[in-house]
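Letter by letter, the chains look like this.
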Amino acid sequence: MWALIKDNKIEEIIRFPKTMVIDDVTHSRRIFTSWSWTELNNIGIYTVEDGTKGNDNFEYTSQPTYTYSASGKKVTTAYTTTDRALDDTEAKDESGNNILDEKGNKTYNYGLKTQAKEKAKQQANGLINRFNWLVERSIYDSSKSIPDAVKTYVAAIRTDCGEIETAIDGASDMTAFKLLYADTYKEVDGEQVVDVVARVNRWTDDYDVKSYTR
């Protein structure tokens, strides 16, 4: 991006090359790709450096604010981030009244913890559902049992899900919650490799039951 500066003030943020009229002179959009920075600066156009945005999974990010530095010959961008709510909150209208459902019950804005636990349940169900055909087969043909390896795997996935939900509930603040999504690393032969997969992504492997998936 670029910025048009006049009298040390930002007149315009330019996101895409376009024809510019500056001091009654019309400049083709090609100046943004063919002119040097010195040439652009001479007519008041400076580079815009982007700032660091928040992680949308955990934070809200404000609209950008821009600051021009005459000495640095550039415009910097800054954002303000606000943590998303971890816990559920009652849904309210603009007047502060509770928003009720069709039966008169309170409704809620679900926080990150509830959303994360719901996602864990969905992942667990997805991993287990691959073996539903074995259950159906055992119902229609009692001579066909569910393999022990599958039973063990399904039980392990349920345990995993329970442990993930417990870890989510136990996160006391945003810092602790973010750690649930962070892998840990170790150095092997001079390279950083994953040592422990993040808790929310750590599920029992299906190596012993792959042949039964459908």
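Here's what I pulled together on the structure shown here. Just so it is clear, the model here is predicted, and its values are computed rather than measured.

Describing the overall build of the protein
Working step 1: Within the protein, the secondary structure is distributed over six helices and 13 strands.
Working step 2: Relative to a compact globule of 214 residues, whose C-alpha radius of gyration would be 17 Å, the protein shows 28 Å and is clearly more extended.
Working step 3: When its C-alpha atoms are laid out on the principal axes, the protein stretches across 90 × 60 × 35 Å.
Working step 4: For the protein, the residues scored as buried account for 28% of the 214 residues in total.
Working step 5: Taking contacts inside the protein between residues at least 6 apart in sequence as the whole, the part at least 24 apart equals 49%.
Working step 6: Only carbon and sulfur atoms are counted for the fraction: they give 46% of the accessible area of the protein, which is about 14,500 Å².
Working step 7: Averaged over its 28 positive side-chain charges, the protein has a centre that lies 3 Å from the centre of its 35 negative ones.

Looking at the nonpolar core
Working step 1: Ranked by internal contacts, the top residues of the largest apolar core, which has 24 residues, are Phe131, Ile168 and Phe177.
Working step 2: Looking at this core, the elements with two or more residues in it are helix H3 (112-129), helix H4 (132-140), helix H5 (148-170) and helix H6 (174-179).
Working step 3: The biggest single contributor to this core is H5, with seven residues.
Working step 4: If we skip the residues at most four places from it in the chain, phenylalanine 131 touches Val150, Tyr153, Val154, Val209, Tyr212 and Thr213.
Working step 5: Met20, Ile31, Leu40 and Ile45 belong to the second-largest nonpolar core, a separate cluster that totals 10 residues.

Remarks on the pairing of strand E7 (residues 65-69)
Working step 1: In this structure, E7 lies alongside strand E8 (residues 74-78), joined through five bridges in antiparallel fashion. Within E8, the position partnered with tyrosine 66 by the bridge is threonine 77.
Working step 2: With antiparallel pairing between neighbouring strands as the criterion, E7 and E8 make up a hairpin whose turn holds four residues, including lysine 73 at a positive phi of roughly 55 degrees.

A look at the pattern of salt bridges
Two side chains with opposite charge may pair up if their charged atoms get near one another.
Working step 1: Counted according to the given criterion, the structure contains 11 salt bridges.
Working step 2: We note a salt bridge from lysine 18 to glutamate 12, for which the minimum N-O separation is 2.4 Å.
Working step 3: Judged by its relative accessible area of 35%, lysine 18 falls in the partly exposed class.
Working step 4: The closest approach of N and O atoms between lysine 186 and aspartate 195, which form a salt bridge, is 3.9 Å.
Working step 5: Through salt bridges that share partners, Glu90, Lys92 and Lys106 make up one connected network.

Comments concerning the packing of aromatic side chains
Working step 1: This model, assessed by the stated rule, comprises six aromatic pairs.
Working step 2: Joined through ring pairs, the aromatic side chains of Phe58, Phe177 and Tyr181 make up one cluster.
Working step 3: When the ring centre of tyrosine 60 is taken as origin, the NZ or CZ atom of arginine 84, which lies over that ring, is 4.1 Å away.
Working step 4: The ring of tryptophan 133 carries arginine 214 above its face, with NZ or CZ at 3.6 Å from the centroid.

Focus: the environment of isoleucine 157
Working step 1: For isoleucine 157, the location among the structural elements is in helix H5.
Working step 2: Take isoleucine 157: its relative accessible area is 0%, and that puts it in the buried class.
Working step 3: For the pair isoleucine 157 and serine 34, spaced 123 residues apart in sequence, the C-alpha separation works out to 58 Å.
Working step 4: Excluding residues within four positions of it along the chain, isoleucine 157 makes contact with Ala124, Leu127, Ile128, Trp203 and Thr204.

What to know about the packing of H3 against H5
Working step 1: Contact geometry of H3 with H5 gives a least axis separation of 10 Å together with a crossing angle of 175 degrees. With respect to their mutual orientation, H3 and H5 come out roughly antiparallel. Residues Lys113, Ala116, Lys117, Ala120, Lys121, Ala124, Leu127 and Ile128 of H3 form the contact with H5, whose own contacting residues are Tyr153, Val154, Ile157, Arg158, Cys161, Ile164, Glu165, Ile168 and Asp169.
Working step 2: Partitioned by chemical class, the residues of the contact of H3 with H5 number 11 nonpolar, no polar and six charged.

Cut-off values and rules
Residues numbered from 1 in each chain as written. Predicted model: local features only at pLDDT ≥ 70, side-chain atom pairs only at ≥ 80, totals over all residues. Heavy atoms only, no water. Helix = DSSP H or I, 4+ residues; strand = E, 2+ residues; numbered from the N terminus. Rg over C-alpha atoms; globule rule 2.2 N^0.38 Å. Buried < 20%, exposed > 50% of the residue type's maximum accessible area, 1.4 Å probe, protein only. Contact = heavy atoms within 4.5 Å. Areas by Shrake-Rupley, 256 points an atom, 1.4 Å probe, with all protein chains shown as cover. Lys, Arg positive; Asp, Glu negative; His and termini not counted. Charge placed at Lys NZ, Arg CZ, Asp CG, Glu CD. Core = buried A, V, L, I, M, F, W, Y, C linked by side-chain atoms within 4.5 Å. Pairing = 2+ DSSP bridges. Salt bridge = Lys/Arg side-chain N within 4 Å of Asp/Glu carboxyl O. Phe/Tyr/Trp six-rings, centres within 6.5 Å; stacked < 30°, edge-to-face > 60°. Lys NZ or Arg CZ within 6 Å of the ring centre and 35° of its normal. Axes fitted to C-alpha atoms, helices over the stretch in contact; angles between N-to-C directions. Parallel < 35°, antiparallel > 145°, perpendicular 65-115°, else oblique. Nonpolar A, V, L, I, M, F, W, Y, C, P; charged D, E, K, R; others polar.

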